[in-house]
Amino acid sequence: MSVHSEIKRVTTETLRKMKFDKEKITMLTAYDFTTAKMVDAGGVDAVLVGDSAANVMAGHETTLPITLDQMIYHTQCVVRGVERALVVADLPFGTYQSNPKKALKSSVRMMKEGGAHAVKLEGGKEISRSLEKIINAGIPVMGHLGLTPQSIYQFGTYKVRAKEDEEAEKLISDAKLLEELGCFALVLEKIPANLAKKVSESVAIPTIGIGAGQDCDGQVLVYHDMVGMNKGFSPKFLRRYLDLHTEITGAVSQYVRDVKDANFPNTNESY
Ligand code: KIV
């Protein structure tokens, strides 16, 4: 028997049941095999191959430049490292927004070539026809409302969204629509905690928050942020569990010193 058959995989149904049982859902990003293995071993329920790869892996200012081929490559790497968690992959900007046929084609590629278990799309009513097409093809979809970084040039700022009544009402109605269309879960990014609570109570599908308070059904963070690799990114919602930037640069400096001083390799490290 292979080790894979002994591990009970997390499915979209598992996440639905967790909300029902009031058990919090955990999600972290990963973009490569080694990180995926670690976050899976750490016990997260879902791994998100986020298009934040454009920022943290490629150094772009926004998530817009990453391509579908690049996201498929990251997803393949992550899928190979994960044994238990549900792997959700972002569809990048420009691959689904206004053309349902293109949205389905992009999703099918992400599932078939990337090996993702589900896709994530940003937006509400504006993308409903694309969502319908993808979900009707049997592909599980996670929604994403609030601060949707692919619309950053429309928003003009990364500030908290939906503080005003009109945007909050639209967000609640979008959440209900996504549930109606068949999304299995919903990311809520950077919105007031009381609004996230209201949304979480208004839909039966799980909400997974980032900067959306403690009443969401689960939480997601970008891995590189939570382990402290990004020194320059310190939003209020971020909890850093490690200071890997300091640890890693310290280790690199020590290595440089050891080599310069002819202290590495020593005789035990030589053949
Ligand atoms: O791309 C990403 O990492 C995301 C999370 C911030 C939810 O969409």
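Residues numbered from 1 in each chain as written. Predicted model: local features only at pLDDT ≥ 70, side-chain atom pairs only at ≥ 80, totals over all residues. Heavy atoms only, no water.

Novice: Break down the sheet that holds strand S5 (residues 141-146) for me, citing the residues and quoting the values.
Specialist: Note: strands within a sheet are paired through backbone hydrogen bonds, in either parallel or antiparallel orientation. With respect to topology, 8 strands assemble into a closed barrel ordered S1-S2-S3-S4-S5-S6-S7-S8, the strand pairing being parallel. With strand direction ignored, the average angle separating the axes of adjacent strands in the sheet is 25 degrees. (Pairing = 2+ DSSP bridges. Helix = DSSP H or I, 4+ residues; strand = E, 2+ residues; numbered from the N terminus. Axes fitted to C-alpha atoms, helices over the stretch in contact; angles between N-to-C directions.)

Novice: Give me the lowdown on the pairing of strand S3 (residues 86-90), citing residues and values where you can.
Specialist: In terms of residue burial, S3 counts as a mostly covered element, since 5 of its 5 residues are buried. Alternating positions in S3 separate into two faces, Leu86, Val88 and Asp90 on one and Val87 and Ala89 on the other, with burial throughout. Where strand S2 (residues 46-49) and S3 come together, 4 bridges link them in parallel fashion. The residue of S3 that forms the bridge with Val47 is Val87. As paired strands, S3 and strand S4 (residues 118-120) are joined by 3 bridges and run parallel to one another. (Buried < 20%, exposed > 50% of the residue type's maximum accessible area, 1.4 Å probe, protein only.)

Novice: Residue-level account of the site of the ligand, with values.
Specialist: The environment of the ligand is made up of Thr29, Leu48, Gly50, Asp51, Ser52, Asp90, Lys120, His144, Val187, Glu189, Ile210 and Val222. Taking Ser52, its side chain carries an N or O atom lying 2.5 Å from an oxygen atom of the ligand. At a separation of 2.9 Å, an oxygen atom of the ligand approaches a polar side-chain atom of Lys120. About the coverage of the ligand: the protein hides 95% of its 260 Å² of free accessible area. (Near = heavy atom within 4 Å. Polar contact = N/O pair within 3.5 Å; in protein donor to acceptor, adjacent residues only side chain to side chain. Areas by Shrake-Rupley, 256 points an atom, 1.4 Å probe, with all protein chains shown as cover.)

Novice: Any details on the nonpolar core? Residues and values, ideally.
Specialist: Grouped together as the largest cluster of nonpolar side chains are 75 residues, with contacts concentrated most on Met110, Leu121, Leu131 and Leu188. At 6 residues, the largest contribution of residues to this core is made by helix H9 (residues 165-181). When residues no more than four places from it in sequence are discounted, the contact partners of Leu188 are Leu145, Leu171, Ala196, Val199, Ser200, Thr207, Ile208, Gly209, Ile210, Ala212 and Cys216. (Core = buried A, V, L, I, M, F, W, Y, C linked by side-chain atoms within 4.5 Å. Contact = heavy atoms within 4.5 Å.)

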